[in-house]
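# Summary of structural features
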Amino acid sequence: ELLDARRYDDWLSLFSDDLVYFMPIRRNVKFGEHATRENTQSGEGISWFDEDKWTLTKRVEQINTGVHFAEEPLSRVCHMVSNVRLLEATPSVETPTNVRVSCRFLVYQNRVEYETYTFVGKRFDTLRHTPDGWRICHREIILDQNVLLAKNLTTFF
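Our subject in this report is the structure included herewith. Per-chain numbering applies: the sequence of each chain, read as written, is numbered from 1 onward. Where totals are concerned, whole chains, interfaces and linings use all residues; where local detail is concerned, this predicted model gives features only for residues with pLDDT of at least 70, and gives and counts side-chain atom pairs only at 80 or more. Remark: hydrogens and water are excluded; side-chain values derive from all non-hydrogen atoms of the structure.

## Digging into the side chain of Asn 152
- In this text, helices come from DSSP runs of H or I with a minimum length of four residues, and strands from runs of E with a minimum of two, each type numbered from the N-terminal end. Within the fold, Asn 152 resides in the segment after strand S6 (133-143).
- Side-chain atoms alone can form a polar contact between residues adjacent in sequence; in general such a contact is a pair of N or O atoms within 3.5 Å, and within protein one must be able to donate a hydrogen while the other accepts it. Looking at Asn 152, its side chain comes within polar contact range of the side chain of Thr 154, at 3.2 Å.
- With residues up to four places along the chain from it excluded, the contact list for Asn 152 reads Ala 70, Gln 109 and Arg 111. Here a residue-residue contact requires only that any non-hydrogen atoms of the pair lie within 4.5 Å.

Printed below as a string of C-alpha cells:
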C-alpha cells in the first residue's frame, strides 16, 4: 500500500540497513537443470536487481526530485499480494527473532496514456526483529517472466 500511495520514504523505513534486495534474471534451461541454472545468482553475473538499502534510497531520492525521466509523470501502480506463508521462524515459532515468509504477487503499472505492464511472480522475505520493530533484511523477487516487455524497470517490489 505504501508503494501504491507513493510513500517511498515510509516504504524504505521497512528495510534494515544491511538489506539485500535481489531479483535474478530467469533463463529457459533444459529439464533437470532448473534448480542450478534457471535463476542467476546474487553477486554473480547479471540480474534485474542486486541492490542494498543505499541504492534503493538513491532510486527513491531520484524519483522524489520530480525530474526522473522514466517516471515523469509518475506511474500508477497497483500491488496485489496473496498466498502469504510463514516458511521459517528462528530460533522458534513461539519467540522468533527472524522469520522467512513467501508470497505471490501481481504488480500492474500504467504509464502515461497507453503503456501498461504486468509483473507476476513470487517473493521471499526475511524479517528481523529489532528494537525499532520488524525490518526486512533480505528480499528475493522471482518473476515468472524471463523476458520483460516494459520499457524500464522503475517499479519497486
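## Points about the pairing of strand S1 (residues 15-24)
- Any residue under 20% of the maximum accessible area for its type is buried, any over 50% is exposed, and the rest in between are partly exposed; the area is computed with a 1.4 Å probe on protein chains only. Judged by how many residues are buried, S1 sits mostly within the fold: 7 of 10 residues are covered.
- Bridging between S1 and S6 involves 4 bridges; their strand directions are parallel. Each bridged residue has a counterpart across the sheet, and for Val 20 the counterpart in S6 is His 138. Two strands are counted as paired when DSSP detects at least two bridges linking them.

## Brief notes about helix H3 (residues 53-64)
- Expected helix span is given by 1.5 Å per residue-to-residue step, counting one fewer step than there are residues. When the terminal C-alpha atoms of H3 are compared, their 16 Å separation across 12 residues agrees well with the 16 Å that a helix rising 1.5 Å per residue should span.
- Listing the buried residues of H3 in full gives Lys 53, Leu 56, Arg 59, Val 60 and Ile 63. Taken down its axis, H3 places every buried residue within 125° of arc, on the same side.
- Where the residues of H3 are buried, they touch helix H1 (8-12), S1 and strand S2 (47-51).
- The backbone nitrogen of Trp 54 has a side-chain oxygen 3.2 Å away, supplied by the residue at the start of H3, namely Asp 52.
- Within two residues after H3, Gly 66 carries a phi angle of roughly 85°, on the positive side. It is the directions from the helix axis to the C-beta atoms whose arc is reported.

None of the figures reported here should be taken as evidence of function without further support.
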